[in-house]
Amino acid sequence: MGYDVAVFKPYPFKVGQKIRIEGKMRRGDWEVVGVGEKSVRLKCPISHKEFEWPSFCYLVDEEADAVWPQED
(Lines give C-alpha, C1' and ligand atoms only; values in the text may rest on other atoms or scores of the structure.)
Protein backbone atom coordinates (compact mmCIF):
# COMPACT_ATOMS: atom_id res chain seq x y z
CA MET A 1 0.00 0.00 0.00
CA GLY A 2 1.43 3.39 -0.98
CA TYR A 3 1.21 6.74 0.78
CA ASP A 4 0.80 10.33 -0.34
CA VAL A 5 4.18 11.92 0.34
CA ALA A 6 5.10 15.61 0.13
CA VAL A 7 8.68 15.98 -1.14
CA PHE A 8 10.65 19.22 -0.58
CA LYS A 9 13.94 20.19 -2.17
CA PRO A 10 16.03 23.35 -1.64
CA TYR A 11 15.61 25.76 -4.53
CA PRO A 12 18.78 26.39 -6.62
CA PHE A 13 18.87 30.20 -6.47
CA LYS A 14 20.73 32.15 -9.18
CA VAL A 15 22.11 35.68 -8.83
CA GLY A 16 19.84 38.18 -10.58
CA GLN A 17 16.62 36.23 -10.06
CA LYS A 18 13.52 38.16 -9.12
CA ILE A 19 11.54 36.19 -6.55
CA ARG A 20 8.38 36.56 -4.49
CA ILE A 21 8.08 34.91 -1.08
CA GLU A 22 4.59 34.27 0.19
CA GLY A 23 4.37 33.51 3.86
CA LYS A 24 5.21 35.10 7.15
CA MET A 25 8.75 36.10 8.03
CA ARG A 26 10.35 36.97 4.67
CA ARG A 27 7.19 37.83 2.74
CA GLY A 28 7.58 40.09 -0.29
CA ASP A 29 9.52 40.64 -3.51
CA TRP A 30 13.29 40.17 -3.53
CA GLU A 31 16.25 40.09 -5.90
CA VAL A 32 18.86 37.38 -5.40
CA VAL A 33 22.21 39.17 -5.09
CA GLY A 34 24.37 36.38 -3.67
CA VAL A 35 24.33 32.61 -3.36
CA GLY A 36 26.58 30.69 -1.00
CA GLU A 37 26.90 27.02 -0.23
CA LYS A 38 24.51 27.31 2.72
CA SER A 39 23.01 30.79 2.42
CA VAL A 40 21.31 33.21 0.06
CA ARG A 41 21.62 37.03 0.02
CA LEU A 42 18.46 38.92 -0.95
CA LYS A 43 17.87 42.59 -1.74
CA CYS A 44 14.58 44.41 -1.29
CA PRO A 45 13.72 46.31 -4.52
CA ILE A 46 11.94 49.05 -2.54
CA SER A 47 14.27 49.81 0.40
CA HIS A 48 17.40 48.36 -1.27
CA LYS A 49 18.32 46.72 2.06
CA GLU A 50 20.12 43.41 1.80
CA PHE A 51 19.77 40.38 4.05
CA GLU A 52 21.61 37.08 4.16
CA TRP A 53 19.76 34.04 5.41
CA PRO A 54 20.38 30.29 5.50
CA SER A 55 18.88 28.65 2.41
CA PHE A 56 15.21 28.17 3.13
CA CYS A 57 12.92 28.37 0.08
CA TYR A 58 11.17 25.74 -1.95
CA LEU A 59 9.65 26.33 -5.39
CA VAL A 60 5.85 26.31 -5.43
CA ASP A 61 5.04 27.96 -8.77
CA GLU A 62 6.64 29.99 -11.55
CA GLU A 63 4.87 32.96 -13.17
CA ALA A 64 5.73 34.27 -16.64
CA ASP A 65 5.43 37.98 -17.41
CA ALA A 66 4.53 38.80 -13.79
CA VAL A 67 4.51 42.29 -12.24
CA TRP A 68 7.55 42.70 -9.99
CA PRO A 69 7.74 44.20 -7.45
CA GLN A 70 4.07 44.00 -6.58
CA GLU A 71 2.31 46.97 -5.08
CA ASP A 72 0.22 46.29 -1.97
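Note: the structure precedes this text.
Each chain carries its own residue numbering, running from 1 in the written order of its sequence. Selection of residues for local features in this predicted model requires a pLDDT of at least 70, selection of side-chain atom pairs for listing and counting requires 80 or more, and totals for whole chains, interfaces and linings are taken over all residues. With hydrogens and water set aside, each side-chain value is computed from the structure's full complement of heavy atoms.

## Some thoughts on the nonpolar core
Throughout, nonpolar core names a set of buried Ala, Val, Leu, Ile, Met, Phe, Trp, Tyr and Cys residues whose side chains join them through atoms within 4.5 Å. Residue exposure (1.4 Å probe, protein chains only): buried if accessible area is under 20% of the type maximum, exposed if over 50%, otherwise partly exposed. Core analysis: the biggest nonpolar cluster contains 10 residues, these being Phe-13, Ile-19, Ile-21, Trp-30, Val-32, Val-40, Leu-42, Cys-44, Trp-53 and Phe-56. Each helix is a run of DSSP H or I of at least 4 residues and each strand a run of E of at least 2, with the numbering of both proceeding from the N terminus. Elements that contribute at least two residues to this core include exactly strand S1 (18-21), strand S2 (28-35) and strand S3 (39-43).

## Here's the deal with the environment of Tyr-11
You can see Tyr-11 is positioned in the segment before S1. Between the C-alpha atom of Tyr-11 and that of Phe-56, which follows or precedes it by 45 residues, the distance is 8.0 Å. Within polar-contact distance, the side chain of Tyr-11 engages the side chain of Gln-17 at 2.9 Å. Side-chain atoms alone can form a polar contact between residues adjacent in sequence; in general such a contact is a pair of N or O atoms within 3.5 Å, and within protein one must be able to donate a hydrogen while the other accepts it.

## So, a nonpolar patch on the surface
Each patch is assembled from residues with relative accessible area greater than 30% and no salt bridge, linking like charges that lie within 9 Å and nonpolar side chains (Val, Leu, Ile, Met, Phe, Trp, Tyr) that lie within 5 Å. Exposure was quantified through the Shrake-Rupley algorithm and a 1.4 Å probe, taking into account, for residues, occlusion by the shown protein chains and nothing else. Any carboxyl oxygen of Asp or Glu within 4 Å of a side-chain nitrogen of Lys or Arg constitutes a salt bridge here. Taken together, the side chains of Tyr-3, Val-5 and Val-7 make up a nonpolar region of the molecular surface, amounting to roughly 400 Å² of accessible area. Counting through the fold element by element, Val-5 comes out in the segment before S1.

## What to know about the pairing of S3
Sheet analysis places S2 next to S3, joined by four bridges and oriented antiparallel. Residue pairing in the sheet places Val-32 in a bridge with Leu-42 of S3. Linking S2 back to S3 in an antiparallel pair, the connection comprises three residues. Here, strands pair whenever DSSP counts at least two bridges between them. Relative to strand S4 (residues 50-54), S3 runs antiparallel, the two being bridged by five bridges. Bridge assignment links Ser-39 to a residue of S4, and that residue is Pro-54. Between the end of S3 and the start of S4, which pair antiparallel, lie six residues, with His-48 showing a positive phi angle near 65 degrees.

Nothing here speaks to function; it is geometry throughout.
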